[in-house]
Amino acid sequence: KDEEVRPAMLVVPGGGYAFVSPTEGEIVARRFYEAGYQAFVLTYTINMYQLAPLKKQPLRDISRAVRYIRNFAECLRIKCDQVVCCGFSAGAHLTGSLAVHYQDQELTKEPYAEISNRPDAVILCYPVITSGEKAHRGSFDLLLGKDASEEELTWASLEKQVTADTPPAFLWQTFTDATVPVE
């Protein structure tokens, strides 16, 4: 309603890669908007019918969203160097995946590829992180398939992918979470 240029917050709801949770989308985005962000909600590709693994399609979706926001920064009135992604559960895995894999070769073949898709920071809320022993197996089954290779599982195990170039991250989890193990 005004001309002020603000930071951007891309909210990425969870849902185990089977659905996009309505309670972790617009409600959260509205709170960020009220706190002074231009807020967006990502509805990414899901695997509701379990016909085939998603592989990197959700990563392409979030990558494209960040690039779209930056490409249209002037008309959206956002600060290009303050694009933050906030994900929940599997949406946090997707957000974290972009944070560590933003330079993935498959992401160079998409619209706006010349624009950075690297978030300036990420907020990971009760995130699916590891594909190891304490994994939320259902998320990885829908993302990579039940017969995922060790290489794919390692690629998707975000704690193994952090580098000095990974954007700053704030992670939070509750000990009583019965779906995504706190470990």
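How each quantity is defined
- Residue indices follow the written sequence of each chain, beginning from 1 at its first position.
- Local features in this predicted model are restricted to residues of pLDDT 70 or higher, and side-chain atom pairs are both shown and tallied only at a pLDDT of 80 or more, whereas totals for entire chains, interfaces and linings draw on every residue.
- Hydrogens and waters are ignored; side-chain quantities use all the structure's heavy atoms.
- Should DSSP find at least two bridges between two strands, the strands are taken to pair.
- Going along the chain from the N terminus, every DSSP run of H or I of four or more residues is numbered as a helix, and every run of E of two or more is numbered as a strand.
- Comment: axis = line fitted to C-alpha atoms, over the contacting stretch for helices; angle = value between 0 and 180 degrees taken between N-to-C directions.
- Whether two aromatic rings pair depends on their centres lying within 6.5 Å, for rings of Phe, Tyr and Trp, where Trp uses its six-membered ring; planes under 30 degrees apart make the pair stacked, over 60 edge-to-face, and the rest tilted.
- Whether a residue is buried, partly exposed or exposed follows from its accessible area with a 1.4 Å probe, protein chains only, as a fraction of its type maximum: under 20%, in between, or over 50%, in that order.
- For salt bridges, the criterion is a side-chain nitrogen of Lys or Arg within 4 Å of an Asp or Glu carboxyl oxygen.
- The definition of a right-handed crossover adopted here requires that, viewed with the strands pointing away, the path from the first strand over the helix to the second runs clockwise.

What to know about the sheet that holds strand β2 (residues 38–41)
Pairing within the open sheet is parallel, and its five strands lie in the order β2-β1-β3-β4-β5. Looking at strand neighbours, the two that pair on one side only are β2 and β5 (169–172), the edges of this open sheet. For this sheet, the mean angle separating the axes of adjacent strands, direction not counted, is 15 degrees. Where strand β1 (residues 6–12) meets strand β3 (residues 78–88), six bridges bridge the pair, whose relative direction is parallel. In the strand pairing of β3, V11 is matched with C86.

Some remarks on the packing of aromatic side chains
Two measures describe an aromatic ring pair: the distance that separates the ring centres and the angle between the ring planes. Per the stated rule, a full pass over the model turns up seven aromatic pairs. Seen in terms of ring centroids, Y17 and Y44 are 6.3 Å apart; in terms of plane orientation they differ by 75 degrees. Their pairing is edge-to-face. With Y17 in the loop between β1 and α1 (26–34) and Y44 in the loop between β2 and α2 (57–71), the pair connects residues that are 27 residues apart, well separated along the chain. Since its relative accessible area comes to 3%, Y44 is described here as buried. Geometrically, the ring pair formed by F88 and Y126 is tilted, given 5.8 Å between the ring centres and 55 degrees between the ring planes. Linking F88 in strand β3 with Y126 in the loop between β4 (121–125) and α5 (137–144), this pair joins segments that are 38 residues apart in sequence. Exposure remark for F88: the relative accessible area of 8% places this residue in the buried category. In this structure an aromatic cluster arises from ring pairing among Y68, F72 and Y112.

Quick notes on the pattern of salt bridges
In total, this model carries eleven salt bridges according to the counting rule given. The partner of E106 in a salt bridge is K56, and the shortest N-O contact between them spans 3.8 Å. Remark: K56 occurs in the loop between β2 and α2 and E106 occurs in the loop between α4 (90–101) and β4; sequence separation between them is 50 residues. The class for E106 is partly exposed, based on a relative accessible area of 31%. Linking D61 and R64 is a salt bridge whose minimum nitrogen-to-oxygen distance equals 3.8 Å. Of this pair, D61 and R64 both sit in helix α2, separated by three residues, roughly a single helical turn. Judged by relative accessible area, which is 30%, R64 ranks as partly exposed. A cluster of three or more residues bridged by salt bridges with shared partners is formed by K56, R60, D104 and E106.

Some remarks on the pairing of β4
Note that β3 and β4 share five bridges and pair parallel. Opposite V84, over in β4, you have A121 as the bridge partner. Running through α4, the crossover from β3 to the neighbouring parallel element β4 is right-handed. Pairing between β4 and β5: four bridges, direction parallel. Across the sheet, residue V122 finds its bridge partner in β5, namely A169.

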